[in-house]
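Breakdown of the fold
This is what each chain is made of:
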Amino acid sequence: MIFDNYFLKIDNLLKRRIEIDVSLYEKLQKLSDIYDASINKLVNVALIEMIKTNNINLYNRPELEISESHNFSIRESTYRNLENLRAKYHISICKLVNIAIYNAVNS
């Protein structure tokens, strides 16, 4: 259906507090001014894309980068996939979320 290309289907949301690199969060803030989407929705789309493409490449995080904790509502199905990736690659959920955001904002 055409709507599948533009909208996410309804899913349960899990509230999670995740540390995000400040530079990545600032990019998300700018993108939320361009797109009709909240930062939370941008993060969920970035996670879905990373899971779909299996693009789990570590990026060179600047040495002086600071991370801040932010509250997100992550789709339950997406979070289950993140837990599977965490077990498979031995990478924390926070790091996986940062990788997904990095991939999305730099694509």
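The following paragraphs examine the structure supplied in this document. Model, not experiment: these values are computed from the prediction.

Here is what the cut-offs are and how they apply
- Residues numbered from 1 in each chain as written.
- Predicted model: local features only at pLDDT ≥ 70, side-chain atom pairs only at ≥ 80, totals over all residues.
- Heavy atoms only, no water.
- Phe/Tyr/Trp six-rings, centres within 6.5 Å; stacked < 30°, edge-to-face > 60°.
- Helix = DSSP H or I, 4+ residues; strand = E, 2+ residues; numbered from the N terminus.
- Buried < 20%, exposed > 50% of the residue type's maximum accessible area, 1.4 Å probe, protein only.
- Lys NZ or Arg CZ within 6 Å of the ring centre and 35° of its normal.

Notes on the packing of aromatic side chains
Per the stated rule, a full pass over the model turns up two aromatic pairs. With a centroid separation of 4.3 Å and an interplanar angle of 5°, the aromatic rings of Tyr 59 and Tyr 102 are classed as stacked. Separated by 43 residues along the polypeptide, Tyr 59 in the loop between helix 2 (39-53) and strand 2 (67-75) and Tyr 102 in helix 4 (residues 93-105) bring together distant segments of the chain. Take Tyr 102: its relative accessible area is 31%, and that puts it in the partly exposed class. Here the guanidinium or amino end of Arg 16 rests over the ring plane of Tyr 79, the centre of that ring lying 4.6 Å away. Across from the ring centre of Tyr 59, 4.7 Å away, lies the NZ or CZ of Lys 95, which sits over that ring.

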